[in-house]
Amino acid sequence: MSYKIHTVENRNVSITHGNFSIPFDPNNIDYQECLDAIIEQGADCFEGDIPADLQAAADEKQFNTQATDYRTATARVAQYQLSVGRPEITEMQPTGEQVFNEETGEMEDVLEEVIVQTAIEPLEPTVEITVYDEEDPMAEPTTETVPNPLIVADDAERAEAQTVIDNTPEPVKEHVDNE
Amino acid sequence: MTVKITKPQINVREELNDLKKPTGIAGEAMLRADTPQEQFNLIGAGRKNLIINGGMTVAQRGTSFGNTVNQVYTLDRWKVARYAANNYYTTQEAGTGGDPFLNYIKVRRNTGDTSGNALSLTQRIEPINFKAYRGRTVTLSFLYRTGTTFSPQYLRAGILGSTSGGATLGYWAYNAAGVGVNDQQIEPSTTWKQHTISFYLGTNVENLAVAFGVEGPYPWVGTAGSDDSFQIANVQLEAGEIATPFEHRSYGEELALCQRYFYRTAPANTYSWVAWGGYSNTTTNAIVFLQFPKRMRAVPTLGHSGNFQVADGFSVHSCSNPTLADPTQENARIDWTSSGLTIGRVAAVRNANDASAYLEFKAEL
């Protein structure tokens, strides 16, 4: 079922979709569904030309959605990898005290080394699980070594996020990266 | 002059004993409260329920809904969604004598259905109504019962909040990305039981919903029996960590709250008027105007069903395809396609020998 513009005195006043008449209101969920249809199907979902302002609204929605997805994906990839862990990072920071430097003749901050990122050890790449024989409940359980499921899930989520990043159009990336 | 004053004797020990009158924890909390506002909050007084139509009494769309793929609004404000499947039925049911409610909602797989696909009952809450509660704990309370042949191991219920993605939250509630959730698996029960769930409403929550259903690790099992259902009543979401008694609002109040999101004309007979105060601007177009009973949440979508006719003071003409023009949140001009009209004559629209014809206006979340 396609969308169609209803005009009055050469003004676009609503969108017709089957038995429904949809207003041009961004807060209306049917209007948002119309934008989604334009994003997904383009002109195929419309009877006649898509008005320029409606197309612009669909483009803006798509841009904002891609930007949100890109932000989420980059934040996910920026998290440390469970299989690698993360190193400790320290930084020299002023303590708030100052001492007089006789050579320069000026007061200088007293610095101390502060841990700004704690180290996290990588997870064990494999874990042992106890396997029970479903057919013989009385049998002694055996032990099996499998990839650490936490690492497996982490790697899968990272790969999914990386795919989102790779598929994001450059203008969207530039917009978000310059925020 | 000497004045002699007599005072009644006071038994100090008895007075002190009176002060030791037994009080419960709640009573002590009331005594400890520093302000009336604190006492007000402790007993959950005043308008407290964020859920609209929690009593399941308002049913402008009807009382029985079935076999719609994906999602459908049912009783007012309540959306039922089944992921990529149909074969489900939703009904408004009447409580029996002794039940602490007039109505409840029943959602079930159709008898004989073999799909395990998720099925949820959801209500999204308008941000303007819950944002004042951000930074506090809110508590969901409800009565539930499962059908005599309820097949899943557990019923699922929860409060869902998200910082974005409002359009998907509540469509299939549990699959919405980036959602903060407190949802719980609940033991089935063929008798009514109350359940409560609390949730810290973060200061950055932009979307909020409550949901009930069958999903994920505990799906529908096997072939549906005659009553593979879950039933929900007296749903309340309120500030605080304690569920207080359900707030019964009058039907009129509840209907008015619902009509901010949805309004359907309710014909009383086969020729009920639906819109008037208009005129014919061409021989094929009649314009009429309609004032909504409440200011709606957004400019609404117009929907229609059935047969209508336009009366122009001299005769009536069949009309169809009502279309919005310049609508607002409060009113709409509706254009009707007809034929044989006379330009400039008045126009009013009514049902055309069709007691079930209606116009509806939707501004749901």
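Note that this is a predicted model, so its numbers are computed, not measured.

1. Description of the overall build of chain B
Inference 1: What chain B contains, in helices and strands, is five helices and 21 strands.
Inference 2: The C-alpha atoms of chain B give 27 Å as radius of gyration, which overshoots the globular expectation for 365 residues (21 Å, by more than 25%).
Inference 3: Dimensions along the principal axes, computed over C-alpha positions, put chain B at roughly 105 × 80 × 45 Å.
Inference 4: Of all 365 residues assigned to chain B, the portion counted as buried reaches 49%.
Inference 5: Look at the contacts in chain B between residues 6 or more apart in sequence, and 75% of them connect residues 24 or more apart.
Inference 6: Roughly 17200 Å² of accessible area belongs to chain B as shown, and the carbon and sulfur atoms make up 51% of that amount.

2. Re the pattern of salt bridges
One side chain can pair with another of opposite charge once the charged atoms of both are near each other.
Inference 1: Inspection of every chain in the model, using the stated rule, returns 23 salt bridges over all chains.
Inference 2: Among the ionic pairs, Asp154 of chain A bridges to Arg76 of chain A, the shortest N-O distance being 2.6 Å. Placement of the pair is Asp154 of chain A in helix α3 (residues 149–167) and Arg76 of chain A in helix α2 (residues 52–78), with a sequence separation of 78 residues. Taken as a pair, Asp154 of chain A and Arg76 of chain A share a single burial class, namely buried.
Inference 3: Across the salt bridge formed by Glu170 of chain A and Lys173 of chain A, the nearest N and O atoms sit 3.6 Å from each other. Taken as a pair, Glu170 of chain A and Lys173 of chain A lie in helix α4 (residues 170–177) at a separation of three residues, close to a single helical turn.
Inference 4: Connected via shared salt-bridge partners are Arg82, Arg109, Asp113 and Asp228 of chain B.

3. Topic: the pairing of strand β2 (residues 70–73) of chain B
Residues and elements named next belong to chain B.
Inference 1: Note: β2 against strand β3 (residues 79–82), four bridges, orientation antiparallel. From the neighbouring strand, Gln71 faces β3, where its bridge partner is Ala81.
Inference 2: Where β2 folds back on β3, the antiparallel hairpin that results is connected by five residues, among which Arg77 adopts a positive phi of roughly 75°.

4. A word on the packing of helix α1 (residues 29–41) of chain A against α2 of chain A
All names here are of chain A.
Inference 1: Here α1 crosses α2 at 80°, and the two axes come no closer than 9 Å. Judged by the inter-axis angle, α1 sits roughly perpendicular to α2. Within the contact between the two elements, α1 uses Tyr31, Gln32, Cys34, Leu35, Asp36, Ile38 and Ile39 and α2 uses Leu54, Gln55, Ala57, Ala58, Lys61 and Gln62.
Inference 2: For the contact of α1 with α2, the class distribution of residues is eight nonpolar, three polar and two charged.

5. Description of the packing of aromatic side chains
Residue and element names in this part refer to chain B.
Inference 1: In the structure shown here, the tally under the stated rule is 13 aromatic pairs over all chains.
Inference 2: Each ring, one from Trp78 and one from Phe212, has its centre 6.2 Å from the other, and the planes form 50°; the classification is tilted. Of this pair, Trp78 sits in the loop between β2 and β3 while Phe212 is found in strand β11 (residues 207–214), placing the two residues 134 residues apart along the sequence. The exposure classification of Trp78 matches that of Phe212, with both residues buried.
Inference 3: Through pairs of rings, three or more aromatic residues link up here, namely Trp78, Phe142, Tyr144 and Phe212.
Inference 4: The ring centre of Phe262 lies 3.6 Å from the NZ or CZ of Arg61, which sits over that ring.

6. A word on the environment of Ser280 of chain B
All names here are of chain B.
Inference 1: Note on placement: Ser280 falls in strand β14 (residues 273–280).
Inference 2: Counting along the chain gives 66 residues from Ser280 to Val346, while the straight-line C-alpha distance between them is 6.5 Å.
Inference 3: Residues contacting Ser280, with those up to four places away along its chain left out, are Asn285, Ala286, Leu341, Thr342, Ile343, Gly344, Arg345 and Ala347.

7. Comments concerning the nonpolar core
Proteins that are soluble and globular tend to have nonpolar side chains buried together.
Residue and element names in this part refer to chain B.
Inference 1: In this structure, Trp78, Phe142, Phe212, Phe230, Ile232 and Leu237 are the most contacted members of the largest nonpolar core, which totals 39 residues.
Inference 2: Going through the elements one at a time, β5 (103–109), β6 (119–125), β7 (136–146), β8 (155–162), β10 (193–201), β11 and β12 (229–239) are the ones with two or more residues in this core.
Inference 3: Residues within four places of Leu237 in sequence aside, it is in contact with Lys48, Asn49, Leu50, Ile51, Ile125, Val138, Thr139, Leu140, Ile159, Leu208 and Val210.
Inference 4: Among the nonpolar cores identified, the runner-up in size contains 24 residues, and Ala286, Val288, Leu302 and Leu324 belong to it.

8. Comments concerning the confidence of the model for chain A
Inference 1: Looking at chain A as a whole, its pLDDT mean stands at 92, while 100% of the residues score no less than 70.
Inference 2: Between the elements of chain A, mean pLDDT differs from a low of 90, seen in strand β7 (residues 126–131) of chain A, to a high of 97, seen in strand β3 (residues 20–22) of chain A.

9. Topic: the interface of chain A and chain B
Inference 1: The interface is formed by 16 residues belonging to chain A together with 20 residues belonging to chain B.
Inference 2: When the buried area of chain A at its contact with chain B is split by residue, Asn19, Ser21 and Ile29 of chain A rank highest and sum to 31% of it.
Inference 3: Linking chain A with chain B are two salt bridges.
Inference 4: Across the chain A-chain B interface, the total number found is 11 residue pairs in polar contact (both at pLDDT 80 or more).
Inference 5: The set of elements that each furnish at least two residues to the side of chain A that touches chain B consists of β1 (3–8), β2 (11–17), β3 and α1 of chain A.
Inference 6: Of all the elements, β2 of chain A adds the most residues to the side of chain A that touches chain B, at four residues.
Inference 7: Considered class by class, the residues forming the side of chain A that touches chain B number six nonpolar, seven polar and three charged.
Inference 8: Bridging between β3 of chain A and strand β16 (residues 301–305) of chain B involves two bridges; their strand directions are antiparallel.

10. Focus: the sheet that holds β12 of chain B
Residue and element names in this part refer to chain B.
Inference 1: Pairing within the open sheet is antiparallel, and its six strands lie in the order β1-β4-β5-β12-β7-β10. Edge positions in the sheet fall to β1 (64–66) and β10, since each of these pairs with one other strand and no more. Strand-to-strand, the axes of this sheet are offset by a mean angle of 25°, without reference to chain direction.
Inference 2: Across three bridges, the pairing between β1 and strand β4 (residues 88–94) is antiparallel. Within β4, the position partnered with Gly66 by the bridge is Tyr89.

11. A word on the pairing of strand β18 (residues 316–325) of chain B
Residues and elements named next belong to chain B.
Inference 1: Where strand β17 (residues 308–311) and β18 come together, four bridges link them in antiparallel fashion. Bridge pairing in β18 places Phe308 opposite Cys319.
Inference 2: Linking β17 back to β18 in an antiparallel pair, the connection comprises four residues, with Gly313 at a positive phi of about 95°.
Inference 3: Pairing between β18 and strand β19 (residues 331–337): four bridges, direction antiparallel. Across the sheet, Ala325 pairs through a bridge with Arg333, a residue of β19.
Inference 4: What sits between the antiparallel neighbours β18 and β19 is a turn of five residues, in which Asp326 has the positive phi angle 50°.

What counts and how
- Residues numbered from 1 in each chain as written.
- Chains lettered and ligands numbered in written order.
- Predicted model: local features only at pLDDT ≥ 70, side-chain atom pairs only at ≥ 80, totals over all residues.
- Heavy atoms only, no water.
- Helix = DSSP H or I, 4+ residues; strand = E, 2+ residues; numbered from the N terminus.
- Rg over C-alpha atoms; globule rule 2.2 N^0.38 Å.
- Buried < 20%, exposed > 50% of the residue type's maximum accessible area, 1.4 Å probe, protein only.
- Contact = heavy atoms within 4.5 Å.
- Areas by Shrake-Rupley, 256 points an atom, 1.4 Å probe, with all protein chains shown as cover.
- Salt bridge = Lys/Arg side-chain N within 4 Å of Asp/Glu carboxyl O.
- Pairing = 2+ DSSP bridges.
- Axes fitted to C-alpha atoms, helices over the stretch in contact; angles between N-to-C directions.
- Parallel < 35°, antiparallel > 145°, perpendicular 65-115°, else oblique.
- Nonpolar A, V, L, I, M, F, W, Y, C, P; charged D, E, K, R; others polar.
- Phe/Tyr/Trp six-rings, centres within 6.5 Å; stacked < 30°, edge-to-face > 60°.
- Lys NZ or Arg CZ within 6 Å of the ring centre and 35° of its normal.
- Core = buried A, V, L, I, M, F, W, Y, C linked by side-chain atoms within 4.5 Å.
- pLDDT = per-residue confidence, 0-100.
- Buried area = accessible area lost by both parts, 1.4 Å probe.
- Polar contact = N/O pair within 3.5 Å; in protein donor to acceptor, adjacent residues only side chain to side chain.

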